[in-house]
Structure formats: structure tokens, C-alpha cells
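# Examination of the molecular architecture
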Amino acid sequence: MSEEIKQERKKRSLSLIQPTSIPTLGNYLGAMKGWPSFQEDFDTVFGIADLHSITVRQEPQKLRQQTTQLYALLMAVGLDPEKSILFVQSHVPTHSQLGWLLNCYTMFGELNRMTQFKDKSQQHSDNINAGLFTYPCLMAADILLYQADIVPVGADQKQHLEIARDIAERFNGIYGNVFTVPEPYFPKAGARVMSLAEPTRKMSKSDPNPKGTVYLTDEPSVIMKKFKSAVTDSEMSVHYGEGKDGINNLMTIYSAVTGDSLEKIEADFSGKGYGDFKKAVGEAVVAELEPVQKRYNEYMADKAYLKEQWTKGADIASRVSQRTLDKAMKKIGFLAK
């Protein structure tokens, strides 16, 4: 019977997202929209990685506000605290504790090869801090604490998971089977959404051009205005093709939201101008985000409920992760209290 139960256990999935800004339409269509379905197939853990966010200087009030907003948005897109562990990283001290332990099992050369350290060091040359260098150890702790079987990753995040696997295998090689070595999971590709202002670049939370990015909390009128000003081309023909980055992007967004194929979109808008198409894409996005925004506004209006949920999430995350931390500390040789 125990073997039967073991086989029936769902694999555990873990995903963390930083509260450095409101998520964009690109974040939503590329990943977040698919997260609720994970709850049916996996034992899911979702966290807000606020400890990771301070490798770059944050404005305290803004960080608190964005963490609150992100928690509300995660529930608004369909993450259910009854089905998932949904927590804020800084509420669970085991992350920092295991992060320090793993610092001591990670090689300097491994950290020095991390591309994100190199990129962020260039972007924030006035604040190249130790946390920016050792963040992969905390990231490994995030994953290993929950004995995650899989970690959904994009192509640009593979290096993060690879070092977590290396650390886990090194630790296990010394002390025995302490950590589950996580496998990468490549979800069905969501839409790759580009900037509305510069469609050769990915839509970004940090884009200095406000016209290029649609945020999940943008008012319908703001969304419509951004789509109406989206960069296109001089051809005035709605079809997917080379050199039509702006229209290609709008067609990709429209397809992701409506489910229509690119061929159907071309047929439906044959003979119509870009103005009509931009308006249609904007209206489709507004309709897609309407129920998300409605739930989000309801959650944000009830801060006591939000606090109740993240407190409960932290309690569950602490219980689950403490077992792993205790095991690791015992193996290393720390004295039990």
C-alpha cells in the first residue's frame, strides 16, 4: 500500500517571482496565465522572492506595496491558497538559514560564471554587493527546502537551476540523500510578447518608455491608448511576415488572448486598416484582464484577508521547509536545541 501511495504522489513544482514591479501582459501571457493549471497536475509551491529583490536598492514603502499587490495578483490570476503553498519569502526564515549553509558548499568560480551577476554588475556598477554575487545560493535554498521535483524555467533561467542541481549533488555526495535534485520543466511555451513601442525588444517591467508596456493593473482606457499608439509599419496589411515586427507582435497577443490562429486573424482583418486591428487587440486584452482586475481590486480592498492568507502560507511553508533545514543541519553536525 505504501508503494502505491508513493507512486500516486504528485511531483512538487516550485516557482518564485520578484516583487520589483507590477507584472506585465508579457509576464501574464508568457507564464502566469498557465500557472493555475499547475495546481491540478502538481503539488505546487509559489513564492514572492522579496529577499532576492534587495540585491538592487529598493524604496521601502514601494517594496511593501508591490509585494502586497503581487500577492493579490497571484490569487487574482487563479492561484488558490487551498491548493498551493503561496507565501512571501521573507516571512519564512529557513530560506536565509539554508542560503547561508549553501554558501559554504558553493565554489567561488561557480558564482563568478553566473551571467546575471555580470549583467547586473554592469547595470548597477555603483552597488556590486555580496548578495548580488551569492544570490544563486539563496535561490538554491528556495528550491531545495521544499524538495522540489521540478522547477518551471525558460531558456534564460537554465543556468540558475543548473547551479542549484550542482549544489544539491555536492551536498548529497558528502552527507547522503538530503536534497531532491530538481529537474527543469519546460512548460508549453506561452506567447512571447514584445514591447509595443519597440517590437524588436521583449516587453519589460523596467522599460523606461511607458507606452511599450501593458501592466496587469492598467485601467482599460490606458490599455486602449497604449495599443492605439503601438508601433506598426507602413504596409497597412494585417499579416504575419518578415519585417513586420509590430504587427507580428499584435497578432501574437491577439492570438494568445482569443485563441484564434494567425491564419484566421489574417482572414478576419483582410482589407481592414491597422487602426481597426489595434482597437480589436486592445479590446480583447481589456476583456481578458477584466476578471483578473476585478478579483485583484476585491483582494486589495480587503488587506486583512490578504494578511490572513500570507500568514497561513508562511506557516505551511515554514513547517515544510523546516524539516529539510533540520535534516541538513544535523548532517553537517550542528547541535540540536
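This text goes with the structure placed above it.
Below or above, wherever it landed, is the structure these notes cover. (Residues numbered from 1 in each chain as written. Predicted model: local features only at pLDDT ≥ 70, side-chain atom pairs only at ≥ 80, totals over all residues. Heavy atoms only, no water.)

Attention now goes to the overall build of the chain. Summing up its helical and strand segments, the chain has 15 helices and five strands in all. Taking 2.2 N^0.38 as the reference for a compact globule, 337 residues should give roughly 20 Å; the C-alpha atoms of the chain span a radius of gyration of 22 Å, in line with that estimate. For the chain, the residues scored as buried account for 47% of the 337 residues in total. Of the contacts formed within the chain by residues at least 6 apart in sequence, a portion of 75% connects residues at least 24 apart. Total accessible area on the chain is roughly 17,000 Å²; 52% of this is exposed by carbon and sulfur atoms. Between the mean site of the 41 positive side-chain charges and the mean site of the 41 negative ones, the chain shows a separation of 4 Å. (Helix = DSSP H or I, 4+ residues; strand = E, 2+ residues; numbered from the N terminus. Rg over C-alpha atoms; globule rule 2.2 N^0.38 Å. Buried < 20%, exposed > 50% of the residue type's maximum accessible area, 1.4 Å probe, protein only. Contact = heavy atoms within 4.5 Å. Areas by Shrake-Rupley, 256 points an atom, 1.4 Å probe, with all protein chains shown as cover. Lys, Arg positive; Asp, Glu negative; His and termini not counted. Charge placed at Lys NZ, Arg CZ, Asp CG, Glu CD.)

On to helix α11 (residues 220-228). Where α11 is concerned, the buried positions are Ile-223, Met-224, Lys-226 and Phe-227. All buried residues of α11 project into a common sector of 165° when viewed along the axis, lining one side. Facing away from the buried side of α11 by over 90 degrees, the exposed positions are Ser-221, Lys-225 and Lys-228. Residues of α11 that are buried make contact with α2 (25-30), α12 (245-258) and α14 (274-300). (Arc of directions from axis to C-beta.)

Before going further, it helps to examine unusual backbone geometry. In the Ramachandran plot, Gln-147 falls in the positive-phi region, its phi being about 50° despite a non-glycine side chain. Relative to the assigned elements, Gln-147 resides in the loop between α9 (130-144) and β4 (150-152). In this structure, Met-236 is a non-glycine residue whose phi angle is positive, near 60°. Assessed through its relative accessible area of 47%, Met-236 is described here as partly exposed.

Burial runs high along strand β2 (residues 43-48): five of the six residues are buried. For strand β1 (residues 12-17) and β2, the ladder comprises six bridges, and the chain directions are parallel. Paired with Leu-14 across the two strands is Val-45, which belongs to β2. As defined by bridge partners, β2 adjoins strand β3 (residues 85-88) across four bridges and the pair is classed as parallel. Counted as the bridge partner of Ile-48 is Val-88 from β3. (Pairing = 2+ DSSP bridges.)

A few words on the environment of Gly-173. If you trace the backbone, Gly-173 turns up in helix α10 (residues 158-175). Given a relative accessible area of 65%, Gly-173 falls into the exposed group.

Our focus in this paragraph is the packing of aromatic side chains. If you walk through the whole model with that rule in mind, you get 15 aromatic pairs. Between Phe-38 and Tyr-185 the ring centres are 5.5 Å apart and the planes differ by 85°, which places this aromatic pair in the edge-to-face class. Taken together, the residues Phe-38 in helix α3 (residues 35-41) and Tyr-185 in strand β5 (residues 183-185) connect sequence positions 147 residues apart. Stacked on the ring of Phe-269, the Lys or Arg Lys-272 has its end atom at 5.5 Å from the ring centre. (Phe/Tyr/Trp six-rings, centres within 6.5 Å; stacked < 30°, edge-to-face > 60°. Lys NZ or Arg CZ within 6 Å of the ring centre and 35° of its normal.)

Moving on: the nonpolar core. Ranked by size, the top nonpolar core spans 53 residues in total, and within it Leu-25, Tyr-28, Leu-74, Phe-227, Ile-253, Phe-277 and Val-285 carry the most contacts. Elements represented by at least two residues in this core include exactly α2, β2, α5 (60-76), β3, α11, α12, α14 and α15 (303-332). Apart from residues no more than four positions distant in its own chain, Val-285 is found in contact with Leu-25, Ile-223, Phe-227, Ile-253 and Val-257. If you look at the next biggest cluster of nonpolar residues, it comprises 37 residues, including Met-114, Leu-161, Leu-325 and Ala-328. (Core = buried A, V, L, I, M, F, W, Y, C linked by side-chain atoms within 4.5 Å.)

On to the side chain of Ser-195. Here Ser-195 lies in the loop between β5 and α11. Ser-195 gets classed as buried once you look at its relative accessible area, which sits at 0%. Those residues in contact with Ser-195, other than ones at most four positions away along the chain, are Arg-201, Lys-202, Met-203, Asp-207, Gly-212 and Asn-249.

The terminal C-alpha atoms of α5 lie 24 Å apart, and with 17 residues this matches the ideal 24 Å at 1.5 Å per residue to within 8%. Most of α5 is tucked away, with 12 of its 17 residues classed as buried. For α5, the set of buried residues is Leu-63, Gln-66, Thr-67, Thr-68, Gln-69, Leu-70, Tyr-71, Ala-72, Leu-73, Leu-74, Met-75 and Ala-76. (Expected span 1.5 Å × (residues − 1).)

Tallying each qualifying case throughout the model produces 16 salt bridges. Asp-260 is the partner of Lys-264 in a salt bridge, and the nearest nitrogen-oxygen pair spans 3.9 Å. Among the residues examined, Asp-260 registers a relative accessible area of 17% and is labelled buried. Lys-279 is the salt-bridge partner of Glu-283, the closest N and O atoms lying 2.8 Å from each other. Placement of the pair is Glu-283 and Lys-279 together in helix α14, with a separation of four residues, close to one helical turn. Residue Glu-283 is classed as partly exposed on the basis of its relative accessible area, which comes to 40%. By sharing partners, the salt bridges in this structure join Arg-165, Glu-169 and Glu-183 into a single network. (Salt bridge = Lys/Arg side-chain N within 4 Å of Asp/Glu carboxyl O.)

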